[in-house]
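Here is how the chains run, residue by residue.
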Amino acid sequence: MKAPAFAYCRPRDLDEALALLDQHGADARPLAGGQSLLPVLHLRLAAPAVLVDLQDVAALRGIARGEGGVRLGAMTTYHEAQADPRLAAAAPLLALALPHVAHPAIRHRGTLGGSAALADPAAEVPAVCTALAARFELRSRRRGPRTVAAEDFFQGAFSTALDPDELLTAIVLPDAPPGERVAFDELARRRGDYAVVGTCVRLAGGPDRIHDATVVQFGVADRALRLPGAAAALCGRRLDAEAIDDACAALRDELRCEGDLHTAAATKHHLATVQLRRLLTTLAPP
Ligand SMILES: Cc1cc2nc3c(=O)[nH]c(=O)nc-3n(C[C@H](O)[C@H](O)[C@H](O)COP(=O)(O)OP(=O)(O)OC[C@H]3O[C@@H](n4cnc5c(N)ncnc54)[C@H](O)[C@@H]3O)c2cc1C
């Protein structure tokens, strides 16, 4: 199928982009890498009157280390993020997740901001942002800038805190605590597909005592879910077989999965527990 007719605008800077969104409101859609938006148009699942192409907006690009974290311009592609050694050091969880996003050709065009704005519940970047407690910088022409925490940004499947006249300008990933260990895995039907079930784990503290833990799973509900019970079962303990059993038991109790077209909720629930056990086992001291 072919996309319905639309007007195409290619603003030269952020002010011009925001002015276009302000002028056209809900009739306009920002275009980032187009890796999700263009298929959606071609399938006629959306029909915006105006596409505002962000390719030339330099203010939306760049990876910068600032106070308290790394700031990723919304138009940073997956490929640029993967190729930046500073990012691999500052946000190792993101580095582990990126190779799971689609295929190299898509990673050259697709952007971190586009993925966050899309808010696909089975996507890797929203899950990593949730696990890292990322902050999202948004801007509209009328109301100026605002910053929204990950837990408030993702509001459901394909739903975020963004208003129609607003752009996501950057994602800020806070610095990891010293000595943090992270693990990431996902099960996909084929390499490069979205996750059936995916898990992010962060553990802070030495091998003999975990003092902070984060467990996030995605592909299981309408957005990536933090699992505070599984995390709490690990805190204050050595990561041994008993602690891993307790974390998996807590996960089984607290996780409420939603099935999808291919996978029943009960299957996802089982897979989520298996995945958490595997990740914790890889992080456990010998
Ligand atoms: C074959 C295939 C396989 C894929 N597999 C995966 C996968 O395994 N995992 C995964 O995560 N993704 C996957 N994707 C999707 C890919 O990651 C997309 O690139 C990504 O989800 C959207 O990024 P984009 O830059 O292409 O955004 P676009 O498609 O341009 O935009 C997506 C949405 O975000 C909005 N938007 C974009 N930028 C902004 C902004 N700065 N401010 C406000 N709104 C904005 C757009 O208006 C649109 O609604 C796949 C895509 C394809 C085609």
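Since the model is a prediction, treat every value here as computed from it, not as a measurement. (Residues numbered from 1 in each chain as written. Predicted model: local features only at pLDDT ≥ 70, side-chain atom pairs only at ≥ 80, totals over all residues. Heavy atoms only, no water.)

Q: Let's hear about the overall build of the protein chain: which residues, and what values?
A: When its secondary structure is counted, the protein chain shows 12 helices and 14 strands. Burial analysis of the protein chain (286 residues in total) assigns 50% to the buried set. Accessible area for the protein chain stands at about 13300 Å²; split by element, carbon and sulfur atoms hold 54% of it. Distance between charge centres in the protein chain, computed from 32 positive and 34 negative side chains, equals 3 Å. (Helix = DSSP H or I, 4+ residues; strand = E, 2+ residues; numbered from the N terminus. Buried < 20%, exposed > 50% of the residue type's maximum accessible area, 1.4 Å probe, protein only. Areas by Shrake-Rupley, 256 points an atom, 1.4 Å probe, with all protein chains shown as cover. Lys, Arg positive; Asp, Glu negative; His and termini not counted. Charge placed at Lys NZ, Arg CZ, Asp CG, Glu CD.)

Q: So what about the site of the ligand? Which residues, and what values?
A: Taken together, 30 residues lie near the ligand, and Pro30, Gly34, Leu37, Tyr78 and Thr111 sit nearest. Note that an oxygen atom of the ligand is positioned 2.8 Å from one of the backbone N or O atoms of glutamine 35. At 2.9 Å from a nitrogen atom of the ligand is found a main-chain nitrogen or oxygen belonging to leucine 168. Considered on its own, the ligand offers 970 Å² of accessible surface; in the complex 89% of this is hidden by protein. (Near = heavy atom within 4 Å. Polar contact = N/O pair within 3.5 Å; in protein donor to acceptor, adjacent residues only side chain to side chain.)

Q: I'd love a proper account of the packing of aromatic side chains, names of residues and values included.
A: The full count for this structure, using the stated rule, is 4 aromatic pairs. A centroid spacing of 4.1 Å and a plane angle of 10° characterise the contact between phenylalanine 136 and phenylalanine 153, whose relative ring orientation is stacked. Placement of the pair is phenylalanine 136 in strand β6 (residues 135-140) and phenylalanine 153 in helix α9 (residues 150-153), with a sequence separation of 17 residues. Per residue, the accessibility class of phenylalanine 136 equals that of phenylalanine 153, and both read buried. Consider the rings of phenylalanine 136 and phenylalanine 154, whose centres lie 5.4 Å apart with planes at 85°: the pair is edge-to-face. Note that phenylalanine 136 is positioned in strand β6 and phenylalanine 154 in strand β8 (residues 154-156), a separation of 18 residues in sequence. (Phe/Tyr/Trp six-rings, centres within 6.5 Å; stacked < 30°, edge-to-face > 60°.)

Q: How would you sum up the pairing of strand β2 (residues 28-31)? Please name residues and give values.
A: Summarising the sheet, β2 and strand β3 (residues 50-53) pair through 4 bridges and their orientation is parallel. From the neighbouring strand, proline 30 faces β3, where its bridge partner is valine 52. For the crossover from β2 across helix α2 (residues 37-42) to β3, the handedness is right-handed. (Pairing = 2+ DSSP bridges. Right-handed = clockwise from strand over helix to strand, strands pointing away.)

Q: Go over empty space enclosed by the protein, please, and point to the residues and values.
A: Leftover empty space is mapped by rolling, across the atoms, a probe with the size of a water molecule. Scanning all chains against the criterion turns up 4 cavities of 30 Å³ or more. Taken as a whole, the largest cavity encloses approximately 50 Å³ of empty space. The wall of the largest cavity is formed by Ala119, Asp120, Pro121, Ala123, Pro126, Ala127, Phe154, Gly156, Phe218, Asp222, Arg223 and Ala224. Sorting the residues of the lining of the largest cavity by element identifies α8 (124-131) and β8 as the ones contributing at least two each. Partitioned by chemical class, the residues of the lining of the largest cavity number 8 nonpolar, 1 polar and 3 charged. (1 Å grid on protein atoms, 1.4 Å probe; cavity = no way out; pocket = protein on both sides within 12 Å on 5 of 7 lines; lining within 4 Å. Points joined across faces, edges and corners; volume = space filled by probe spheres on them. Nonpolar A, V, L, I, M, F, W, Y, C, P; charged D, E, K, R; others polar.)

Q: How would you summarise the layout of surface pockets if you had to cite specific residues and measurements?
A: As a volume, the largest pocket reaches approximately 1300 Å³. What lines the largest pocket is a set of 48 residues, among which Ser36, Leu37, Gly114, Ala117 and Leu118 lie closest to the centre. Going through the elements one at a time, β2, α2, α7 (112-118), α8, β9 (159-160) and β10 (166-174) are the ones with two or more residues in the lining of the largest pocket. Looking at the lining of the largest pocket, the element that brings in the most residues is α7, giving 5 residues. Of the residues that constitute the lining of the largest pocket, the class distribution is 28 nonpolar, 14 polar and 6 charged.

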